[in-house]
Amino acid sequence: QFQLVESGGGSVESGGSLTLSCQSDDSYEVLCMAWFRQAPGEQREGVAVIDNEGLAFYGSFAQGRFTVSRDNKKKTIWLQMNDLTPEDTAMYFCAADLCSYYDRLRADQYNYWGQGIQVTVSR
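All of these numbers come straight from a predicted model, not from anything done at the bench.

A. Geometry of the nonpolar core. Grouped together as the largest cluster of nonpolar side chains are 28 residues, with contacts concentrated most on Met33, Trp35, Leu79, Met81 and Tyr92. Looking at this core, the elements that each hand over two or more residues are β3 (18-24), β4 (31-38), β5 (45-50), β7 (66-71), β8 (76-81), β9 (90-98) and β11 (117-122). Considering every element that reaches this core, the biggest residue donor is β9, with four residues. Formed by six residues, the second largest nonpolar core is a distinct cluster that contains Cys32, Ala34, Val49 and Tyr110.

This is how it looks when you write it as structure tokens:
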């Protein structure tokens, strides 16, 4: 079974930075790899996705602040988050699946998920 494991979450003050990582136990060169987040009472929203060729897309709130990257040899993707605000507080999830051509930031396009890690940004 394809497994995804996130790490790197925690607490940071406003304006700070965090880097999340997601490691798989199998090859995923042909997959889109994505980050989603969900705050209490809100829908799960797409943060960033990187396709099999390294092309990245971001949710509007992440553009210019977050960077997604991947290393296929290490079977790992990262999410570098800068200039964090309390509004970024959420559970962050790593996801993977064959790439959709039309809507890669929809949660229902992904069937493989990590367990999620908490990110908390204080004032």
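B. A look at the sheet that holds β8. Strands sit in the order β1-β3-β8-β7 across an open sheet of four strands; the sheet is antiparallel. In this open sheet, the two edge strands, each paired with only one partner strand, are β1 (4-7) and β7. Direction aside, the axes of adjacent strands within the sheet are offset by 15 degrees on average. Here four bridges tie β1 to β3, and the two strands are oriented antiparallel to one another. What sits directly across from Leu4, in β3, is Ser24.

Rules used in this analysis
- Residues numbered from 1 in each chain as written.
- Predicted model: local features only at pLDDT ≥ 70, side-chain atom pairs only at ≥ 80, totals over all residues.
- Heavy atoms only, no water.
- Core = buried A, V, L, I, M, F, W, Y, C linked by side-chain atoms within 4.5 Å.
- Buried < 20%, exposed > 50% of the residue type's maximum accessible area, 1.4 Å probe, protein only.
- Helix = DSSP H or I, 4+ residues; strand = E, 2+ residues; numbered from the N terminus.
- Pairing = 2+ DSSP bridges.
- Axes fitted to C-alpha atoms, helices over the stretch in contact; angles between N-to-C directions.

Without other data, these values stay purely geometric and don't point to any function.
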